[in-house]
Amino acid sequence: KTAAPAAQPATPAPAQPEGAAPETNEITIDDFARMELRIAEVVAAEAVEKADKLLKLTVRLGDEERTVVSGIRRWFSPQDLVGRKVVLVANLKPVKLRGILSQGMILAAEDAEGNLDLVGTRLDLPSGTKVR
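Source: prediction; values computed, not measured. (Residues numbered from 1 in each chain as written. Predicted model: local features only at pLDDT ≥ 70, side-chain atom pairs only at ≥ 80, totals over all residues. Heavy atoms only, no water.)

Chemist: Tell me about unusual backbone geometry, and please be specific about residues and values.
Modeler: Positive phi outside glycine occurs at K50, with the angle close to 60°. Here K50 lies in the loop between β1 (37–47) and β2 (55–61). Of the residues examined, K50 reaches a relative accessible area of 77% and is grouped as exposed. (Helix = DSSP H or I, 4+ residues; strand = E, 2+ residues; numbered from the N terminus. Buried < 20%, exposed > 50% of the residue type's maximum accessible area, 1.4 Å probe, protein only.)

Chemist: Summarise the side chain of R66; cite the residues concerned and give the values.
Modeler: Relative to the helices and strands, R66 is located in strand β3 (residues 64–70). A relative accessible area of 14% places R66 in the buried class. Reaching out from R66, the side chain makes a polar contact with the side chain of E64 at a distance of 2.8 Å. A polar side-chain atom of R66 sits 3.2 Å from the main-chain carbonyl oxygen of Q103. Ignoring anything within four residues of it in the chain, the contact list for R66 reads L57, T58, V59, L61, L88, A90 and Q103. (Polar contact = N/O pair within 3.5 Å; in protein donor to acceptor, adjacent residues only side chain to side chain. Contact = heavy atoms within 4.5 Å.)

Chemist: How would you sum up the nonpolar core? Please name residues and give values.
Modeler: By size, the foremost hydrophobic cluster in this structure holds 17 residues, and its most contacted members are L57, I72, L81, L88 and I106. Those elements giving two or more residues to this core turn out to be β1, β2, β4 (85–89) and β9 (116–118). Look past the residues within four positions of I106 in its chain and what remains in contact with it is L57, V68, S70, I72, V86, V87, L88 and L118. Residues A51, L54, V69 and I100 belong to the second largest nonpolar core, which totals 5 residues. (Core = buried A, V, L, I, M, F, W, Y, C linked by side-chain atoms within 4.5 Å.)

As structure tokens, then:
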């Protein structure tokens, strides 16, 4: 009978340099620079049929209008949004949601109690303004 090979000790993970922060989902400044954030004005909004969470927004970016589908219906009625200026990820690859082509993503923040607000500006900046 042959003896079973001795178990090899687990290879320890490489040690992090002293003072180094733990790994995260960090991006580089170049990654961030690829994002095109713009001020968009909501010019029309409506509920998406048969979708409890979705609103279809028409937004203006300067001289251009786009459609954006957003899952914010729980927090906002369509009439609350018309005229509001929001921050839009303008170079996000378009995607079809419930048969509607969504051409961007509006930014929002949610607190620990589940309250949601849209990211905007204090100043009345023109639609299409680049966010830096």
